[in-house]
Amino acid sequence: AGSAARDYAARIDAFDQRDGYQVLAFSVVGQKADFGLMVLGPDMVELDRFAVDLAASPLGQVLVPAASYLSLTETSEYTSTEEDEAKRLIDEEELDPTSDAYEAALRAFRNRMATYVEHRLRPKLPHKRVISFYPMSKRRAPQQNWYALDFADRKALMADHATVGRRYRGRVLQLITGSVGLDDWEWGVTLLADDPAAIKEIVYEMRFDEVSATYADFGPFVTGLIMPPMDLMRHLHVM
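Parameters at a glance
- Residues numbered from 1 in each chain as written.
- Predicted model: local features only at pLDDT ≥ 70, side-chain atom pairs only at ≥ 80, totals over all residues.
- Heavy atoms only, no water.
- Phe/Tyr/Trp six-rings, centres within 6.5 Å; stacked < 30°, edge-to-face > 60°.
- Helix = DSSP H or I, 4+ residues; strand = E, 2+ residues; numbered from the N terminus.
- Buried < 20%, exposed > 50% of the residue type's maximum accessible area, 1.4 Å probe, protein only.
- Expected span 1.5 Å × (residues − 1).
- Arc of directions from axis to C-beta.
- Contact = heavy atoms within 4.5 Å.
- Lys, Arg positive; Asp, Glu negative; His and termini not counted.
- Salt bridge = Lys/Arg side-chain N within 4 Å of Asp/Glu carboxyl O.
- Polar contact = N/O pair within 3.5 Å; in protein donor to acceptor, adjacent residues only side chain to side chain.
- Axes fitted to C-alpha atoms, helices over the stretch in contact; angles between N-to-C directions.
- Parallel < 35°, antiparallel > 145°, perpendicular 65-115°, else oblique.
- Left-handed = near helix turned anticlockwise from the far one by under 90°.
- Nonpolar A, V, L, I, M, F, W, Y, C, P; charged D, E, K, R; others polar.

(A) Representation of the packing of aromatic side chains within the structure. In the structure shown here, the tally under the stated rule is ten aromatic pairs. Ring geometry for Tyr-78 against Phe-151: centres 5.6 Å apart, planes inclined by 25°, an arrangement best described as stacked. You can see Tyr-78 sitting in the loop between strand E3 (72–73) and helix H3 (82–91) and its partner Phe-151 sitting in helix H5 (residues 151–166), a full 73 residues away along the chain. On the basis of relative accessibility, which here comes to 13%, the residue Tyr-78 falls in the buried class. Among the residues examined, Phe-151 registers a relative accessible area of 37% and is labelled partly exposed. For the pair Tyr-134 and Phe-218, a centre-to-centre distance of 5.7 Å together with 55° between the ring planes defines the contact as tilted. Highlighted residues: Tyr-134 in strand E4 (residues 130–138) and Phe-218 in strand E9 (residues 216–218), separated in sequence by 84 residues. We classify Tyr-134 as buried; its relative accessible area is 6%. Grouping aromatic residues by their ring pairs yields a cluster made of Tyr-78, Trp-146, Phe-151 and Tyr-215.

Here it is, written out as structure tokens:
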């Protein structure tokens, strides 16, 4: 068992060290599973090959899969555009659109957005202590149909929703991935933090936001303690 566990951990480490790929290994708290892996990378074929290789490994052959989830990194369609920012600078900041200050503010906005896009599409997730994952979808119930709202209304609601999330900057890292057409729910939400209380607080506070309270349905939550693969094998007493 020890050699099989070391082999399993080595496979995870090797994949994690590949350029552009990342694996977060964690012990699942509770009885939903023993452990989990969050695997990110640009090529779905390589991700699938990694999963197949793990399942065919000596340890993988005696493991029983508990669940899986597939989603893609994406940018939000509700993100502020340069046109939105230009209007804000004129209307709220009262900047002259011909001024140097206006041009400097737009350049700063472009730089912020470039960083945002890079983080959303090619995230490099930090090794925090705790990971929480849950899937979610938008409702289509009568009088609660997200997809029947005008785009402007949806964008305004999402802007308010994002304001709540920004209050937890530095405490909780959030990654929203899209799974429409790929899995049973429409989005996957990954939260990373050192303090599990911070995850509880952000999810609770967002429950009162209209986007969540009126238009969101949530799937099962999985919470885990992130650790290096070899430490995880020892933690699970398989080596």
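(B) Highlighting helix H4 (residues 100–121). Helix length check: H4, at 22 residues, gives a terminal C-alpha distance of 32 Å against a target of 32 Å (1.5 Å per residue), a fit within 8%. Within the sequence span of H4, burial applies to Tyr-102, Ala-105, Leu-106, Phe-109, Met-113 and Arg-120. Around the axis of H4, the buried residues are gathered within 95° of arc, so they sit on the same side. Set apart from the buried face of H4 by more than 90 degrees, the exposed residues are Asp-100, Asn-111 and Thr-115. Where H4 is buried, its residues contact E3, H3 and strand E7 (173–178).

(C) Representation of H3 within the structure. Listed in full, the buried residues belonging to H3 are Glu-85, Ala-86 and Leu-89. Angularly, the buried residues of H3 cover 100° about the axis, an arc narrow enough to put them on a single face. Every exposed residue of H3 that faces more than 90 degrees away from the buried side is listed here: Glu-83 and Lys-87.

(D) How the structure looks around the side chain of Gln-22. Summarising the element assignment, Gln-22 is placed in strand E1 (residues 22–28). Look past the residues within four positions of Gln-22 in its chain and what remains in contact with it is Asp-16, Met-38, Val-39, Leu-40, Pro-123, Lys-124, Leu-125 and His-127.

(E) Region of interest: the side chain of Arg-154. With respect to the helices and strands, Arg-154 occurs in helix H5. Of the side chains bearing the opposite charge, Glu-77 lies closest to the buried Arg-154, which forms no salt bridge; the N-O distance is 4.1 Å. Engagement of the side chain of Arg-154 in a polar contact is seen with the backbone oxygen of Leu-149, the distance being 3.2 Å. With sequence-adjacent residues up to four places away left out, Arg-154 is seen in contact with Glu-77, Tyr-78, Trp-146 and Leu-149.

(F) Region of the structure containing unusual backbone geometry. Positive phi outside glycine occurs at Glu-94, with the angle close to 55°. Within the element layout of this structure, Glu-94 appears in the loop between H3 and H4.

(G) How the structure looks around the packing of H5 against helix H6 (residues 196–207). Relative orientation of the contacting elements H5 and H6 amounts to 155°, with a least axis distance of 10 Å. With respect to H6, the element H5 is oriented roughly antiparallel. Seen along the crossing, H5 lies across H6 with a hand that is right-handed. The segment H5 lies against H6, with His-161, Val-164 and Gly-165 engaging Ile-202, Glu-205 and Met-206. Considering only residue class, the contact of H5 with H6 consists of three nonpolar, two polar and one charged.

(H) Inspection of the pattern of salt bridges at higher detail. All told, the structure shown has 16 salt bridges when counted by the stated rule. With a shortest N-O distance of 3.0 Å, Glu-201 and Arg-171 are connected by a salt bridge. Residue Glu-201 is found in helix H6, and its partner Arg-171 is found in the loop between H5 and E7; the two are separated by 30 residues along the sequence. Using a relative accessible area of 35% as the deciding quantity, one classes Glu-201 as partly exposed. Residue classification places Arg-171 among the partly exposed positions, given a relative accessible area of 38%. Through salt bridges with shared partners, one network takes in Glu-85, Arg-88, Glu-93 and Arg-112.

Structural measurements only, silent on function.
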